[in-house]
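Residue strings, one per chain:
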Amino acid sequence: MPAAPHRSEIVAGAHTVVAKVGTRVLTAPDGSLDVARIESLAGQLAALADAGRRVALVSSGAVGAGVGRLKLPGRPSGLAQLQAVAAVGQSRLIEAYNGALQSRGRHAAQVLLTADDLNDRARYLNVRNTLTALFEYGAIPVINENDTVRVDELQRTVGDNDRLAAVVANLLRAPLLVLLSDVEGLYDRAPDDPDARLLPTVDNVETVRSLAVASPAGVMSRGGMASKLEAARLVTAAGENAIIANGRRENVLVDLLAGKPIGTLFVAQGGSVSSRKRWLGSTAQPSGRLTLDAGACRAVTERGSSLLAVGISAVDGGFDKGDLVALCDGAGSEVARGLANYSADEIRRIAGHGKDEIAQILGHCPYDSVVHRDHLALVR
Ligand SMILES: Nc1ncnc2c1ncn2[C@@H]1O[C@H](COP(=O)(O)OP(=O)(O)O)[C@@H](O)[C@H]1O
Ligand SMILES: N[C@@H](CCC(=O)OP(=O)(O)O)C(=O)O
């Protein structure tokens, strides 16, 4: 196996960089926006763009800035109130980015996305085209989840901005995602523990998941360290790299891209994954679940085979033909995702059966497989 590239090679090859900045970096606990920080970040993004890199920013802070602007005592709990506060704060945020970028001859382009925009393949590709056009105009996309229209109850949320940033990085095939928070990187225990040590490099996210300490309830940020690790997993599984670093460090982005050993680097797992398999494997959300027996699991994960009905032991959910489904092993762990050739009801009838029986059961047998390997992405 070729040696993993060195940090300096990774940052030098990062023609496209997605940076994400968390609420903790941008706002004080009372919601007041740190305009000097925004100016500094904007200046760094402009400098990287001037040096020929394509840069996009995923910025949190709308709820925090809205709480500050409306002078509320804290984050409201009602959904409508939260969405209203986000709307007030988002305009404040973009005002600050735009002001800072314009003094450097660049423009901020506000891009607000929902989970539905990314789940739908055509809309997902459209987002990519729009971001590419913005790079061509020299504008800096400033992206956030569209908080005012997302509906938590229906789970139509991207989840948090760490995940959104990972999805955007994968969509742009960015070699590097930088997650900026209020800590230097990932520590081997709670960062306020005097014995805590910073991990400079992580080769496999799964080995460090347990190090994420849950944030106390009621804080303005949503993700916490666990969601940063999941974002790092999504990006490294697609064959790209991620860094968690301190957004309050002066010149952090420019220094990182110059190769300074700052933060925690999460190294790519294997080669670069195709665009379509990135969407299947890490962006679109499955509408159902198929449980595979041990033989089918091996065929799919080790031999790259299509999934046949004979190897399916259970079907969950009510999905249609063409929908994305999760493929799980007997213990319930997801091993792959793919587009189903049959509806959930049809699969329930044909699960465990061979091709000839399927023709009899359904009265037709248009597909050899339930999920064809061309429409299947392994979960790395
Ligand atoms: N092992 C760890 N190493 C570093 N930080 C951690 C760890 N576990 C939990 N954290 C917490 O994660 C927080 C950052 O996540 P989050 O609250 O989502 O911030 P942001 O608003 O920047 O996205 C830090 O303030 C830190 O207290
Ligand atoms: N969309 C929300 C941010 C949600 C979020 O993920 O926050 P954070 O954990 O600070 O990145 C906002 O702008 O307030």
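Cut-offs applied
Residues numbered from 1 in each chain as written. Chains lettered and ligands numbered in written order. Predicted model: local features only at pLDDT ≥ 70, side-chain atom pairs only at ≥ 80, totals over all residues. Helix = DSSP H or I, 4+ residues; strand = E, 2+ residues; numbered from the N terminus. Rg over C-alpha atoms; globule rule 2.2 N^0.38 Å. Buried ≥ 20, exposed ≤ 12 C-beta atoms within 10 Å, placed from the backbone. Domains from an automatic or database assignment. Contact = placed C-beta atoms within 7 Å. Axes fitted to C-alpha atoms, helices over the stretch in contact; angles between N-to-C directions. Parallel < 35°, antiparallel > 145°, perpendicular 65-115°, else oblique. Left-handed = near helix turned anticlockwise from the far one by under 90°. Nonpolar A, V, L, I, M, F, W, Y, C, P; charged D, E, K, R; others polar. Pairing = 2+ DSSP bridges. UniProt positions renumbered as here; feature names shortened; annotations may be inferred.

Caption draft 1: Just the overall build of the chain, in detail. Broken down by element type, the chain carries 14 helices and 13 strands. In terms of C-alpha radius of gyration, the chain reaches 22 Å, essentially the compact-globule figure of 21 Å for 380 residues. In terms of overall dimensions, the chain has a C-alpha envelope of 70 × 50 × 45 Å along the principal axes. Looking at the chain as a whole, 45% of its 380 residues are labelled buried.

Caption draft 2: Structural detail: the domain arrangement of the chain. As far as domains go, the chain holds domain 1 (7-277) and domain 2 (286-378). For domain 1 versus domain 2, the distance between C-alpha centres works out to 35 Å.

Caption draft 3: Structural view of the environment of Val18. Secondary-structure assignment places Val18 in strand S1 (residues 16-21). Classification of Val18 as buried rests on a count of 31 C-beta atoms within 10 Å. For Val18 and Arg249, which are 231 residues apart along the polypeptide, the C-alpha to C-alpha distance reads 18 Å. When near neighbours in sequence (up to four residues on either side) are disregarded, Val18 contacts Ala56, Val58, Ala165, Val168, Ala169, Leu172, Ala174 and Leu177.

Caption draft 4: Expanded view of the packing of helix H8 (residues 161-171) against helix H9 (residues 224-237). Close contact between H8 and H9 brings their axes to 8 Å; oriented N to C, the two are set at 10°. In this view, H8 runs roughly parallel relative to H9, as classed from their interaxial angle. Taken as a pair, H8 and H9 cross one another with a handedness that is right-handed. Here H8 contributes Asp162, Arg163, Ala165, Ala166, Ala169 and Asn170 to the contact with H9, which in turn contributes Ser227, Lys228, Glu230, Ala231, Leu234 and Val235. Of the residues that constitute the contact of H8 with H9, the class distribution is 6 nonpolar, 2 polar and 4 charged.

Caption draft 5: Representation of the sheet that holds strand S10 (residues 312-316) in the model. The strand order across the open sheet formed by 5 strands is S10-S9-S11-S12-S13, and the pairing between neighbours is mixed. Both outer strands of the open sheet, S10 and strand S13 (376-378), are each paired with one neighbouring strand and no more. Each neighbouring strand pair of the sheet contributes to a mean axis angle of 25°, computed without reference to strand direction. Contacting strand S9 (288-292), S10, strand S11 (324-328), strand S12 (334-339) and S13, helix H12 (residues 294-302) runs over the sheet at an angle of about 75° to S12.

Caption draft 6: Geometry of unusual backbone geometry. Of note, the phi angle at Lys71 is positive, near 55°, even though the residue is not glycine. Mapped onto the secondary structure, Lys71 falls in the loop between helix H4 (62-69) and helix H5 (79-102). Notably, Arg173 is not glycine yet its phi reads approximately 55°, a positive angle. Overall, Arg173 belongs to the partly exposed group, with 17 C-beta atoms counted inside 10 Å.

Caption draft 7: Region of interest: the UniProt feature "binding site: substrate" (unreviewed entry) in the chain. Here, the residues flagged by UniProt with the feature "binding site: substrate" (unreviewed entry) are Ser60, Asp147 and Asn161. These annotated residues cover 102 residues of sequence, and their C-alpha atoms lie no more than 10.8 Å from one another, placing them together at a single site. Overall, Ser60 belongs to the buried group, with 30 C-beta atoms counted inside 10 Å. Relative to the assigned elements, Asn161 resides in helix H8. On the basis of neighbour count, Asn161 is assigned to the buried category, with 27 C-beta atoms found within 10 Å. The residues touching Asn161, leaving out its near neighbours within four places in the chain, are Lys20, Val58, Ser60, Asn144, Glu145 and Gly223.

Caption draft 8: Quick look at the sheet that holds strand S5 (residues 176-181). Spatially, 8 strands are ordered S3-S4-S2-S1-S5-S7-S8-S6 in an open sheet, and the strand pairing comes out mixed. At either margin of the open sheet sits one strand with a lone partner, and together these are strand S3 (108-113) and strand S6 (201-202). Where strand S7 (residues 241-246) meets strand S8 (residues 264-266), 3 bridges bridge the pair, whose relative direction is antiparallel. Counted as the bridge partner of Ala242 is Phe266 from S8. The strands that H9 touches are S5, S7 and S8; relative to S7, the one it contacts most, it runs at about 150°.

Caption draft 9: Main features of the UniProt feature "binding site: ATP" (unreviewed entry) in the chain. On the UniProt side, "binding site: ATP" (unreviewed entry) is annotated at positions that read Lys20, Ser181 and Asp182 here. For this annotated set, covering 163 residues, all C-alpha atoms fall within 12.2 Å of each other, a compact arrangement in space. If you trace the backbone, Ser181 turns up in strand S5. For Ser181, a count of 25 C-beta atoms within 10 Å puts it in the buried group. Ignoring any residue separated from it by four or fewer positions in sequence, one finds Ser181 in contact with Gly22, Arg24, Val25, Ile244, Asn246 and Gly247. Among the structural elements, Asp182 can be located in the loop between S5 and S6. If we skip the residues at most four places from it in the chain, Asp182 touches Arg24, Val25, Asn246 and Arg248.

Caption draft 10: Representation of the pairing of S11 in the model. Among the 5 residues of S11, 5 are classified as buried, and the element is accordingly described as predominantly covered. Here S11 shows a buried face lined by Leu324, Ala326 and Cys328 and a second buried face lined by Val325 and Leu327. Here 4 bridges tie S9 to S11, and the two strands are oriented parallel to one another. By the bridge assignment for S11, Arg289 is matched with Ala326.

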